Amino acid sequence: MNIVEPLILTDGDWTASFNAVSGQKMVFSCAGREILSLSGMVFGIIEEASGYCIKCRQHESVDLLNKSAEIVNVIPFGSEPQITRQFEFAGNRAKITTDFVLKAPMEAGSFEIDNLMVKGAWAKIGILKIGKPLSETSDIEWHAVGRDSSWKLAVEEIPLVILFEGDDGTKLEIGTGDDVWRWLQTETFPGTTASIVFEKASGGISVRRIFAKWNETGTIAPRKYRFTWYFAWEIPGRKYFTCDAAGFSEFSFSGKNKILPGGGKYFKFPDRELPEMYSARFAGNPAGAPCFHAPPVSGLLRDWVRAVAAIKDGRPLVLGNLKVSLCDAAPHLERPQKKTLLHWNMIRVLDFHLWANKQLRYSNSFFYILPEGNGKVYPILPSVKGLSNIS
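Here the structure is a predicted model, which is why all the values come from computation and not from measurement.

Turning next to the pairing of strand β18 (residues 223-234). With 9 of its 12 residues buried, β18 lies for the most part within the structure. In terms of strand pairing, strand β9 (residues 93-102) meets β18 through 10 bridges, oriented antiparallel. Across the sheet, the residue bridging to Phe100 is Tyr225, located in β18.

Turning our attention to the nonpolar core. Among soluble globular proteins, nonpolar side chains are generally buried collectively. Counting 59 residues, the largest nonpolar core has Phe18, Phe28, Phe89, Phe111, Phe164, Phe198 and Phe231 as the members making the most contacts within it. The contacts of Phe231, once residues within four sequence positions are left out, are Met26, Phe28, Leu36, Phe89, Asn92, Arg93, Ala94, Ile96, Leu172, Glu173 and Ile174. With 48 residues, the next largest nonpolar core counts Tyr230, Ala294, Ile369 and Leu387 among its residues.

Right, let's get into the confidence of the model for the chain. Here the chain shows a mean pLDDT of 88. Residues at 70 or above account for 92%. Every residue in residues 245-262 scores below 50 in pLDDT, and together they form 43 contacts with partners more than four places removed in sequence or on other chains.

Applying the stated rule across the entire model yields 20 salt bridges. Across the pair Lys95 and Glu88 runs a salt bridge whose closest N-O atoms are separated by 3.9 Å. A relative accessible area of 22% means that Lys95 is categorised as partly exposed. Since its relative accessible area comes to 22%, Glu88 is described here as partly exposed. Put simply, Glu48, Arg85 and Asp114 are held in one network by salt bridges that share partners.

All right, on to the state of the cysteines then. The full count for this structure, using the stated rule, is 0 disulfides. Residue Cys56 stays outside any disulfide, its sulfur separated by 4.9 Å from that of Cys53, the closest cysteine. No disulfide involves Cys327; its sulfur sits 4.0 Å from the nearest other cysteine sulfur, which is in Cys291.

Reading the values: rules and limits
Residues numbered from 1 in each chain as written. Predicted model: local features only at pLDDT ≥ 70, side-chain atom pairs only at ≥ 80, totals over all residues. Heavy atoms only, no water. Buried < 20%, exposed > 50% of the residue type's maximum accessible area, 1.4 Å probe, protein only. Helix = DSSP H or I, 4+ residues; strand = E, 2+ residues; numbered from the N terminus. Pairing = 2+ DSSP bridges. Core = buried A, V, L, I, M, F, W, Y, C linked by side-chain atoms within 4.5 Å. Contact = heavy atoms within 4.5 Å. pLDDT = per-residue confidence, 0-100. Salt bridge = Lys/Arg side-chain N within 4 Å of Asp/Glu carboxyl O. Disulfide = S-S within 2.5 Å.

Set out below in structure tokens:
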């Protein structure tokens, strides 16, 4: 069945429109202006924009903390590849999971994932590459957007984060998901190159995420391909929660401690080296941060939230000194057959923030996460700033 009716999600000052019959598979607007549109995947000369929609369904949680949509598109060529996307909106961010199911080999000159149009005028673009486990603001490579209509920027490899900044203070963040190993395509398609290309277009800047490009023509093997990514936005004038732990009972971090009912309302990750069971690892060494994918970390934090949620005293719950690390310890992803598997913690952190606020919904309280400073990149990212948004 070809679905033609549009689906619209809206909450507060943002709207996401899913138009099944348009080349723009999703259009996101905020504060009265269109900011982002998704045109989808490209395989050489075959584009998802030429496909048709067979499912377009929305989901809304009872607590209204998040809204989601599931969209399924079919490309009417060859074995009719199918593309399924799950969109989840919460706060000032959206998480996207894209599944591409290919039933027979496909020959193509390139494999491009979820191409975008960032709409409107932007002053500069920041690129944060996949590199050190803990990024600093100085690691962002800034590029001014030229006034010439033919302006173009090409960056080798898919970056970890892309930041768009406007003269009016509006910011847009587009980030790679936790599954960094999937975006590093050298094992999947050896001999290919990857890049991201920005180019001025009518109404904004086009963003092509070229996952793999062959010199001539290559073969995409039949299988299911999955990629996750997210975007977050920042509109000037928002207010953010701040805390110096004064007036809070603080939980002392230790591998031996247990969080008991009535435990601390403020939990700060220490600056010192963490016990190995909690620590992210990178290139064989401790990364100096926890890995939220490690079962002991997620278990400890969830026990803490549940215990405090039972108190129902209305005081905010705060996680401080957040470090969003890269980690390559495969056991954290329950992949014992692998020694290393590079993953990021960002989406895991965003998911935990949403989960914690759902636990606190009957406690007249809210959960906030405050980032580490000291020159680290996190305090300037819209996604992380949104974790302390008091609205």
